Each structure stands twice: as structure tokens, then as C-alpha cells.
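Here are the chains, one letter per residue:
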Amino acid sequence: MSSYETFSEVYDEFMDNLPYDEWVEYMDMLLKEQGVKPGALLMELGCGTGKVTEMFYDRGYKMVGLDLSADMLGIAMDKGRSKDGEILYLLQDMTEMELYGTFDAFYSIGDSMNYILEPESLTRVFSLVNNYLEPGGVFIFDLKTQYLFEEIMADNTFADDREEISFIWDNYYYEEEKINEYGVNIFLRGEDGRYDKFMETHYQKAYSVEEIRKMIEASGLTFVAVYDAFTKDAPKADSERLYYIAKKEQ
């Protein structure tokens, strides 16, 4: 079963504890500092169910969202704005995306880049972004850190028990490959009151700052900055999430 095939049905409910407002406020600040303001055309890579896409639309940006999961995009499109032509959603693999125009900025929130397990594939994403950016355009994205995988997620298990839905999230970190495996067990209550069990497996990879810097530069983009999440501070040994800024030269 592919990532988020079943989880897409309950994704927004389980993720309702994430600080989306804080994430969007911070990303918006970084975009504006790079000269990208409301009215600009943005592409969200790994847009999922479109929650963040709509939040940026509400802030006055023109939005396009791209994701590999048809299930996730189906939920995004059911929310209404895509039906009215206000937001365009594209079902594509970001490592092979084919677009029909250029964008003022690309962004990605929620560690979508960690799902790209091969450095060559991630470099290709950066190269494609470079192809489809307007001169002077920026790409801002976040990544979970190796510290988070090793010290916090590691081989731990997390769970959330609710009346209609519950899940158990097992983690296994492969140190040599720097890959974290998530075993997600979902228990969804049916109309008869019984719970059906669904299982999914997800994989994410940790990348160092230096690895990302080299990939960005190899793609033709310029490495601008990297920050400890939600600050303007340099990465720390215990940073759990980092935000990167890359730019296409004028």
C-alpha cells in the first residue's frame, strides 16, 4: 500500500494538533523577506489535502498544489475552491514534474522532502524547481533532522486513541542508511461499531545541511540560508526541523 493511501481519509483529523498557523506565518515571513508578496504565483510541493494551500490562498497568493497521492488530492479538490477554479491541483511526482509555466516561488511544508530517499532524486527536484522558477524566484522548504530521527523518533512508538479513530505509529531508524521507517496502524470505526485495521509503511531520509547545500548548488540554484525552525537562528545540534532557502539568480 502506498504512502497515505488509507491515512488520507483521516489525515486532517489526526494532524489537527499541528501548528499550521505558526507554520504558515513563518513561511509567509520568509517569502516576503525574499520579495515574494501576496499576488505572487506559488507552487506547493507535497500539498496533501490542501490545508496549507488554502491558507496561503486566503493570504492573497495565487496557488497551485502538487502531490503524488490521488487520495490526498481528491480530498483537497472536494474542499471546493479547486472546483471554482481558484486553486489548481496537479497529480504529479515532484521528481518528474512537468509544468506549463513559471512560478514566483516554490515552497514545501511538513517534511515532504524527507520522503525523497535518493540524493540524486532530491537534486533532480531542485533542478526542476530551478527550471520552473522566475528569475529571482525562491524555493523554501523544511526538513526533519537526523537528530529528530535518532534521538526522538528512533525506535519509539507513538499512539493516539480517539472515539472513532485510533492509530499506533512505530518507528525504526536505520542508522547507516539514515532512513526512518514508520509503521502506521490505523483503527477506523465502522457503522456497525467495529473497528477495521489498516496498515501503511512510510519512509523518510535524514540529510545533513552540507548535503543539502551541495545538492542545491548542483541544481543551479543558489543556497541562501538555513534556519532552525520558526527562528532566524543557525541550526543547532538539537534542531528537530530546519528551513532552507534557495534562490534562482536574476
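Here, every reference points to the structure presented above.
These lines cover the structure that appears in this document, whether it is placed above or below. (Residues numbered from 1 in each chain as written. Predicted model: local features only at pLDDT ≥ 70, side-chain atom pairs only at ≥ 80, totals over all residues. Heavy atoms only, no water.)

**Observations concerning the overall build of the protein**
Helix and strand counts for the protein come out as seven helices and eleven strands. Expected size for 250 residues packed as a compact globule is a radius of gyration near 18 Å; at 18 Å, the protein falls within 12% of this value. With respect to the principal axes defined by its C-alpha atoms, the protein has extents near 60 × 45 × 30 Å. The buried share of the protein, taken over its 250 residues, is 52%. Of the charged side chains in the protein, 23 are positive and 51 negative, and the gap between their average positions amounts to 6 Å. (Helix = DSSP H or I, 4+ residues; strand = E, 2+ residues; numbered from the N terminus. Rg over C-alpha atoms; globule rule 2.2 N^0.38 Å. Buried < 20%, exposed > 50% of the residue type's maximum accessible area, 1.4 Å probe, protein only. Lys, Arg positive; Asp, Glu negative; His and termini not counted. Charge placed at Lys NZ, Arg CZ, Asp CG, Glu CD.)

**Describing the sheet that holds strand E8 (residues 179-189)**
The four strands are arranged E6-E7-E8-E9 in an open sheet whose pairing can be described as antiparallel. Single-partner strands in this sheet number two, and they are strand E6 (157-161) and strand E9 (195-205). When the angles between neighbouring strand axes are averaged without regard to direction, this sheet yields 15°. In this sheet, E8 lies alongside strand E7 (residues 165-174) in antiparallel orientation, the contact comprising ten bridges. Within E8, the position partnered with Ser-166 by the bridge is Phe-187. (Pairing = 2+ DSSP bridges. Axes fitted to C-alpha atoms, helices over the stretch in contact; angles between N-to-C directions.)

**Describing the environment of Ile-109**
Tracing the backbone through its elements, the reader meets Ile-109 in the loop between strand E4 (103-108) and helix H5 (119-132). Separated by 31 residues in the primary sequence, Ile-109 and Ile-140 have C-alpha atoms spaced 8.5 Å apart. Residues within four places of Ile-109 in sequence aside, it is in contact with Trp-23, Met-27, Val-52, Phe-56, Asp-142 and Tyr-243. (Contact = heavy atoms within 4.5 Å.)

**A few points about the nonpolar core**
Nonpolar side chains in soluble globular proteins generally cluster together in the buried interior. Counting residues in hydrophobic clusters, the biggest one holds 32 residues, and the most contacted among them are Met-43, Leu-45, Leu-99, Phe-106, Met-113, Phe-141 and Ile-212. Elements that contribute at least two residues to this core include exactly strand E1 (41-45), strand E2 (62-67), E4, H5, strand E5 (133-144), helix H7 (209-218), strand E10 (222-228) and strand E11 (241-247). With six residues, the single largest contributor to this core is H5. Ignoring anything within four residues of it in the chain, the contact list for Met-43 reads Val-64, Gly-65, Leu-66, Leu-90, Leu-99, Phe-103, Ala-105, Phe-106 and Tyr-107. Counting residues in each nonpolar core, the second largest holds 30 residues, with Met-27, Leu-30, Cys-47 and Met-55 among its members. (Core = buried A, V, L, I, M, F, W, Y, C linked by side-chain atoms within 4.5 Å.)

**Some remarks on the side chain of Asp-170**
With respect to the helices and strands, Asp-170 occurs in strand E7. Here Asp-170 falls in the buried class, since its relative accessible area comes to 19%. Of the polar contacts made by the side chain of Asp-170, one reaches the side chain of Thr-157; its length is 2.7 Å. Residues in contact with Asp-170, not counting those within four places in the same chain, are Asn-156, Thr-157, Glu-181, Tyr-182, Gly-183 and Asn-185. (Polar contact = N/O pair within 3.5 Å; in protein donor to acceptor, adjacent residues only side chain to side chain.)

**Let's talk about the sheet that holds E2**
With respect to topology, seven strands assemble into an open sheet ordered E3-E2-E1-E4-E5-E11-E10, the strand pairing being mixed. Looking at the sheet topology across the chains shown, the edges are occupied by strand E3 (87-91) and E10. Here the average twist between neighbouring strands, direction ignored, is 15°. Across seven bridges, E5 lies against E11 in antiparallel orientation. Within the sheet, the bridge partner assigned to Asp-142 lies in E11 and is Tyr-243. Strands in contact with helix H2 (residues 20-33) are E1, E4, E5, E10 and E11; relative to E11, the strand with the most contacts, it is inclined by about 30°.

**Topic: the pairing of E5**
The buried fraction of E5 is high, at ten of twelve residues. The pairing of E4 with E5 spans five bridges and is classified as parallel. Each bridged residue has a counterpart across the sheet, and for Phe-103 the counterpart in E5 is Leu-133. With H5 bridging E4 and its parallel neighbour E5, the resulting β-α-β unit is right-handed. (Right-handed = clockwise from strand over helix to strand, strands pointing away.)

**As for the environment of Phe-126**
With respect to the element layout, Phe-126 can be found in helix H5. In this structure, the C-alpha to C-alpha distance between Phe-126 and Met-215, residues 89 residues apart in sequence, is 7.5 Å. Residues in contact with Phe-126, not counting those within four places in the same chain, are Phe-139, Phe-141, Ile-212, Met-215, Ile-216, Ser-219 and Leu-221.

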